[in-house]
Amino acid sequence: MKSYLPLIIGMMAVTYIPRLLPLITLSDRPIHPRIKRFLLYIPYTALSALIVRGIMQSGNIGIPITLLGIGVAGMVAWFKGGMVLSVLTAIGTTFVLFVIL
Amino acid sequence: MEEIEQRNNNGLKEGVISAIPVIIGYFPVAMAFGLLAKTVNVSLLDSFLFSLLVFAGASQFMALDLIKAGIATGDIIIATLLLNLRHIMMSASLSVRLKESKKKWLLFIAFGITDETFAVASLKKGPLTRAFLLALQGLSYIAWVSGSVVGYLVGAVLPMTLQSSLGIGLYAMFAAILTPEIRKSLNVLILSIISGLIYFIIYYFHLLPSGWDLIGTIILSSGIGLMVLKDEEEVI
């Protein structure tokens, strides 16, 4: 079998460096309030984009069921709260729908 | 001293609990990675090293695809870099909230920044402590690495219906993190709508090459947010 070590090391470097550099260069440094606000918006914009990507790339499960599963998680989180409960409910719903339909 | 110790203990416990949905999502996906690696003739050791050293789900799956297609090593590495650019923004965002006096810990914390651990950590209530992050990321990492090996060795994955449903769990987790924030803040609702729309448009019309779509959406929508939103003076 071929060794993929050079590829793995290269991929490690280009994965680790983007994760590391901003963290070590920006932490404990005074940041302009506008830039700080920009950075604090990122969790929301990143999450929303990731959710839409998940729906668009839902693969064999299909967009409607994916939407329903994610929607159920959102509903549970909205009315009851609790991440674990939301996720388990969504998994259960998706599974049942997937088996029935 | 006692107070710091107490806070770290709480952080550790919180981190373990927060890791549960990530673990549920990671393990079956990692198993699928292990099995797929085996089918494209990657050795068990290399499959293990992929997950141990790279720890990036989407990149690892892409790499297997490209290996299968016979793409050169350098090109796969460049494609991986593009795919991981989004983590620049996530890492920068975490740096604002993380108060860590010992720089050496940042080396570990940075390694564990994935979409999922970032999502959980960045919107966590209260102080973002090292103990919390290391517990969350460490357990997620263990699930990822062990799942890969198990998938390879067992040579089978869970039934497709179950695996896909568990995979949806990760996106359900994103929704479960985001909706309570939307409920609390109009700004968050607006940001989410802007970002979701922009991603949809970029994706649907192929406006950006793949790899640039997420970082492009994040920069654009956060930038628009900066221009159109008034600061709510929230304690985030």
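Residues numbered from 1 in each chain as written. Chains lettered and ligands numbered in written order. Predicted model: local features only at pLDDT ≥ 70, side-chain atom pairs only at ≥ 80, totals over all residues. Heavy atoms only, no water.

## Regarding the nonpolar core
Part 1 of the argument: Core analysis: the largest hydrophobic core is formed by 69 residues, its most contacted members being A:Leu23, A:Ile42, B:Val120, B:Met173 and B:Ile177.
Part 2 of the argument: Counting residues per element, this core draws most heavily on helix α2 (residues 33-56) of chain A, which supplies 14 residues.
Part 3 of the argument: Domain assignment of the residues forming this core places at least three in each of domain 1 (2-166) and domain 2 (185-236) of chain B.
Part 4 of the argument: Grouped together as the second largest cluster of nonpolar side chains are 18 residues, A:Val14, B:Val42, B:Ile67 and B:Ile77 included. (Core = buried A, V, L, I, M, F, W, Y, C linked by side-chain atoms within 4.5 Å. Buried < 20%, exposed > 50% of the residue type's maximum accessible area, 1.4 Å probe, protein only. Helix = DSSP H or I, 4+ residues; strand = E, 2+ residues; numbered from the N terminus. Domains from an automatic or database assignment.)

## What about the interface of chain A and chain B?
Part 1 of the argument: Listed as interface residues are 66 residues of chain A and, on the opposing side, 96 residues of chain B.
Part 2 of the argument: Across the interface of chain A and chain B, roughly 7600 Å² is buried in total on both sides, 76% from carbon and sulfur atoms.
Part 3 of the argument: Broken down residue by residue, the surface that chain A buries against chain B is led by A:Arg19, A:Leu23 and A:Tyr44, which jointly contribute 11%.
Part 4 of the argument: In this assembly, chain A and chain B are joined by one salt bridge.
Part 5 of the argument: One salt bridge in this structure joins A:Arg53 and B:Asp115, with 3.7 Å as the shortest N-O distance.
Part 6 of the argument: Taken together, the links from chain A to chain B amount to 19 residue pairs in polar contact (both at pLDDT 80 or more).
Part 7 of the argument: Elements represented by at least two residues in the side of chain A that touches chain B include exactly α1 (5-26), α2, α3 (63-79) and α4 (83-100) of chain A.
Part 8 of the argument: If you tally residues by element for the side of chain A that touches chain B, the top one is α2(A), at 21 residues.
Part 9 of the argument: Of the residues assigned to the side of chain A that touches chain B, the class counts are 46 nonpolar, 13 polar and seven charged. (Contact = heavy atoms within 4.5 Å. Buried area = accessible area lost by both parts, 1.4 Å probe. Salt bridge = Lys/Arg side-chain N within 4 Å of Asp/Glu carboxyl O. Polar contact = N/O pair within 3.5 Å; in protein donor to acceptor, adjacent residues only side chain to side chain. Nonpolar A, V, L, I, M, F, W, Y, C, P; charged D, E, K, R; others polar.)

## As for unusual backbone geometry
Residues and elements named next belong to chain B.
Part 1 of the argument: For Asn-41, which is not glycine, the phi dihedral falls at a positive 65°.
Part 2 of the argument: Position of Asn-41 among the secondary structure elements: in the loop between α1 (2-39) and α2 (44-54).
Part 3 of the argument: By relative accessible area, which is 48% here, Asn-41 ends up partly exposed.
Part 4 of the argument: Positioned with a positive phi, His-206 is a non-glycine residue whose angle comes to about 50°.
Part 5 of the argument: Residue classification places His-206 among the exposed residues on the basis of a relative accessible area of 67%.

## Looking at a nonpolar patch on the surface
All names here are of chain B.
Part 1 of the argument: There is a patch of nonpolar side chains on the surface, built from Leu-186, Leu-189, Ile-193, Leu-197, Phe-200, Ile-201, Tyr-204, Phe-205, Leu-207, Leu-208 and Trp-212 and spanning about 1100 Å² of accessible area.
Part 2 of the argument: The element best represented in the nonpolar patch is helix α10 (residues 186-204), accounting for seven residues.
Part 3 of the argument: With respect to the helices and strands, Phe-205 occurs in the loop between α10 and α11 (212-228). (Patch = residues over 30% accessible without salt bridge, like charges linked within 9 Å, V, L, I, M, F, W, Y side chains within 5 Å. Areas by Shrake-Rupley, 256 points an atom, 1.4 Å probe, with all protein chains shown as cover.)

## Considerations on the domain arrangement of chain B
All names here are of chain B.
Part 1 of the argument: You can read the domains of chain B as domain 1 (2-166) and domain 2 (185-236).
Part 2 of the argument: Each of domain 1 and domain 2 was reduced to a C-alpha centroid, and the two centroids are 24 Å apart.
Part 3 of the argument: The interface of domain 1 with domain 2 comprises six residues on the first partner and seven residues on the second.
Part 4 of the argument: Together domain 1 and domain 2 conceal approximately 680 Å² of surface at their shared face, both sides included; 83% is due to carbon and sulfur atoms.

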